[in-house]
2 protein chains.
Amino acid sequence: MADLARVAGVSAITVSRALRDSPLVNPETRARIREVARQYGYAFNASARNLRLRRSMTVAVVVEMKPTPERQMSGPYPLDLLGGITQQLTSAGYSVLLTSLAGETLPNVQAADGVILLGQGAHEDAMHSVQRWGRPLVVWGAVSRHQSQVVVGSDNFRGGALVAERFLALGRQRPVFLGDPAHGEFAERLEGFNSVLQSRGITALTPAIDNFTVSAGAAVVRQLLQTQPQTDALFAASDLLAIGAIRALIENHRRVPEDVTVVGYDDTPLGATYVPPLSSVHQNFTEAGVLLARKICDLIDGQSVQSATLPTHLVVRST
Amino acid sequence: MADLARVAGVSAITVSRALRDSPLVNPETRARIREVARQYGYAFNASARNLRLRRSMTVAVVVEMKPTPERQMSGPYPLDLLGGITQQLTSAGYSVLLTSLAGETLPNVQAADGVILLGQGAHEDAMHSVQRWGRPLVVWGAVSRHQSQVVVGSDNFRGGALVAERFLALGRQRPVFLGDPAHGEFAERLEGFNSVLQSRGITALTPAIDNFTVSAGAAVVRQLLQTQPQTDALFAASDLLAIGAIRALIENHRRVPEDVTVVGYDDTPLGATYVPPLSSVHQNFTEAGVLLARKICDLIDGQSVQSATLPTHLVVRST
DNA sequence: GTGAAAGCGCTAACAC
DNA sequence: GTGTTAGCGCTTTCAC
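Everything numeric here is computed off the predicted structure, so don't read it as measured data.

With that out of the way, let us pick up the protein's contact with DNA strand C. Neighbouring DNA strand C are 23 residues; Ser16, Tyr42 and Arg52 of chain A together with Thr14 and Arg17 of chain B lie closest to it. Between a base nitrogen of DNA strand C and a side-chain N or O atom of Arg17 of chain B, the distance comes to 2.7 Å. For the surface near DNA strand C, the elements supplying multiple residues, two or more each, are α2 (12-19) and α4 (46-53) of chain A together with α2 (12-19) and α4 (46-53) of chain B. Among the elements that take part in the surface near DNA strand C, α4 of chain A stands out by supplying four residues, more than any other. Looking at side-chain class alone, the surface near DNA strand C contains 11 nonpolar, six polar and six charged residues.

Below, the discussion takes up the packing of α2 of chain A against helix α3 (residues 27-39) of chain A. All names here are of chain A. It is at 9 Å that the axes of α2 and α3 come closest, and there the two elements cross at 90 degrees. In terms of orientation, α2 lies roughly perpendicular with respect to α3. Between α2 and α3, the contacting residues are Thr14, Val15, Ala18 and Leu19 on the first element and Thr29, Arg30, Ile33, Arg34 and Ala37 on the second. Across the contact of α2 with α3, the residue classes tally to five nonpolar, two polar and two charged.

Quick look at the environment of His282 of chain B now. Residue and element names in this part refer to chain B. Note that His282 resides in strand β9 (residues 279-282). Residue classification places His282 among the partly exposed positions, given a relative accessible area of 24%. Measuring from C-alpha to C-alpha, the distance between His282 and Gln147 comes to 25 Å, with 135 residues separating the pair along the chain.

Counted by the stated rule, this structure contains 13 aromatic pairs over all chains. Ring geometry for Trp140 of chain A versus Phe285 of chain A: centroids 6.2 Å apart, planes at 65 degrees, classification edge-to-face. Linking Trp140 of chain A in strand β4 (residues 137-140) with Phe285 of chain A in helix α13 (residues 285-300), this pair joins segments that are 145 residues apart in sequence. Look at Phe285 of chain A and you get buried, because its relative accessible area is 4%. The interplanar angle of 55 degrees and the centroid separation of 4.9 Å between the aromatic rings of Phe193 of chain B and Phe235 of chain B together place this pair among those described as tilted. Here Phe193 of chain B, found in helix α9 (residues 184-198), pairs with Phe235 of chain B, found in strand β7 (residues 233-236); they are 42 residues apart in sequence, far enough to count as distant. We classify Phe235 of chain B as buried; its relative accessible area is 0%. Joined through ring pairs, the aromatic side chains of Phe167, Phe177, Phe193, Phe235 and Tyr265 of chain A make up one cluster. The aromatic ring of Tyr265 of chain A is capped on one face by Arg189 of chain A, whose charged end is 3.6 Å from the ring centroid.

About the criteria used
Residue numbers run consecutively from 1 along every chain, following the written order of its sequence. Going through the entries in the order they are written, you letter the chains from A and number the ligands from 1. Local features in a predicted model are, by the rule used here, given only for residues with pLDDT of at least 70; side-chain atom pairs are given and counted only at 80 or more, and totals for whole chains, interfaces and linings are based on all residues. Values reported for side chains reflect all heavy atoms of the structure, with hydrogen atoms and water molecules removed beforehand. Here a residue is near a molecule or strand as soon as one of its heavy atoms is found within 4 Å of it. Polar contacts here mean pairs of N or O atoms no more than 3.5 Å apart (in protein, one a potential hydrogen donor and the other a potential acceptor; neighbouring residues in sequence count only if both atoms are side-chain atoms). Only DSSP runs of H or I with at least four residues qualify as helices, and only runs of E with at least two residues qualify as strands; both kinds are numbered from the N terminus onward. Classification convention: Asp, Glu, Lys, Arg as charged; Ala, Val, Leu, Ile, Met, Phe, Trp, Tyr, Cys, Pro as nonpolar; all other residues, Gly among them, as polar. In this analysis, axes come from line fits to C-alpha atoms, helices being fitted only over the stretch in contact, and the angle between any two N-to-C directions falls in the range 0 to 180 degrees. An angle counts as roughly parallel when it lies under 35 degrees, as roughly antiparallel when it exceeds 145, as roughly perpendicular when it falls between 65 and 115, and as oblique in every other case. In what follows, a contact means two residues having at least one pair of non-hydrogen atoms within 4.5 Å. Each residue is placed in one exposure class: buried if its accessible area under a 1.4 Å probe, protein chains only, is under 20% of its type's maximum, exposed if it is over 50%, and partly exposed if it falls in between. When two rings of Phe, Tyr or Trp (its six-membered ring) have centres within 6.5 Å they constitute a pair, described as stacked for plane angles under 30 degrees, edge-to-face for angles over 60, and tilted for the intermediate range. We count a charge as sitting over a ring when the NZ of a lysine or the CZ of an arginine lies within 6 Å of the ring centre and within 35 degrees of the ring normal.

Laid out in structure tokens, this is it:
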């Protein structure tokens, strides 16, 4: 900036102001300075600004990126959230620092002005690690689990309830829930599911499941059909599980949906294009990402911020 | 650091050295300083270090994150790459700055020490935008397209050739390629595909297609079957297209694979769990991400870096 | 093994 | 509308 100032015949601070479009600087002066900057290939130094302003203008986004072919956070889930987050954060002037919880925490990540955590993790362990960073924090996950935190999540309770209502409307009597309630979001879905069922005196079976893959879903359902051959409805906490479940049902000569109704969760392209096309509970991840970004910005600005629950709806297809 | 120095009875520079585990500092001094830092909740200021070192210790990763339900870079593609990149970059001390090409370029992104571009884009437009940033650059895409750039890509030519070989082995006579050659990677696949076919005097049909969704794939194949009812083999440049294609084939009473052989690309969970399970060309995205990260680090360190092609193989399932 | 001095490039505060 | 002064928190260089 000092060099530009010399060339343009002004002082460094005027250059600074001109490049930031400060109204304090004469439009012609600004135009001249910008032109000089362009000519000389001037590159703004963000670190210097960040040092001076005592902020980094970054938000760290913590994602689980374990590279397994059938992963936990499958398909579009994190990428749609990331899309919404990035779009919103970028337009607010913040950069997105992508991080996983593996390995040590880098200085740049520690220096983030705020943190968005995608998924609380089983038993909220991810949340507890990130809290120790002592930065403004917004979490994507189960809203009901944390009064003390700002959490954005979709209405998992209602999602579960919608599925139960459909099962009841179809006259199903022996529903099963597939998912690990150690994850808060899954627990909420189960609670909503059971709350509706119990009004009719029905309780869902909840076989233990610790993995969220197609094959895990298939394995559990194979087992299940041994002991509970009359099962007539399956609510899977993810589309992946649902697809595995359908596979096991077919193997065991159950027709879907005639003999067994199956509903998944997340409404992924994977489920939508499956044959038969999977019924599933839809979440709007992009919108959720935008909201997460808004909240973390507000939190950074010192505003008081509330948790939020996003609406959810059931997409009925062929299962 | 000055405060810590006062408390620990040393100078600021010694604190700096102690916290960086410099061998220059006495182990006991270091232990004392670290303890004081812990007690006082000292937070390292990355911006100050970056200013002084004249590097940002970040690498910008440019991804297409258009939030459409059936997106171009579908499913695990970007996320697996991102996983590999993040893992490797983090262990090298770099943070990952996630960016899309939409909107203006933020100061922090401009200040990145290097850039990884995921996908050249149609007609390499994405590449040209990013080149203007004037930072070290590594691209994921079509290696053959850019001698002047460092490109990491999987062996698309060989991928296409493998599919052609399988079609020939099955005695197929009227193969069709589904994909837009405006994208370099797709063009390479088509070239490999045709190179093998032409050795038997066969030329693939390449109906125009401008979108990479299930419905686009279905639409093209519906059209195709009108004019080319004898089509007996389809090579789709993505699993999404392949699934759409199969849908249209079934609608038109073609059996897969008896009447028409179909092979997709990317070997996504979506394809693998489809019914029928889709045959597809596999790419190892995580490994690719690690390699991209290694190359950008080398480039930043001023080493000379070559483009690289990763091996590819055909996974034969039921189609 | 430790320290003093200097400066990275920017901007807020306060003149004028 | 523009300029002067000062300092953000760190690390390199050179001295001891």
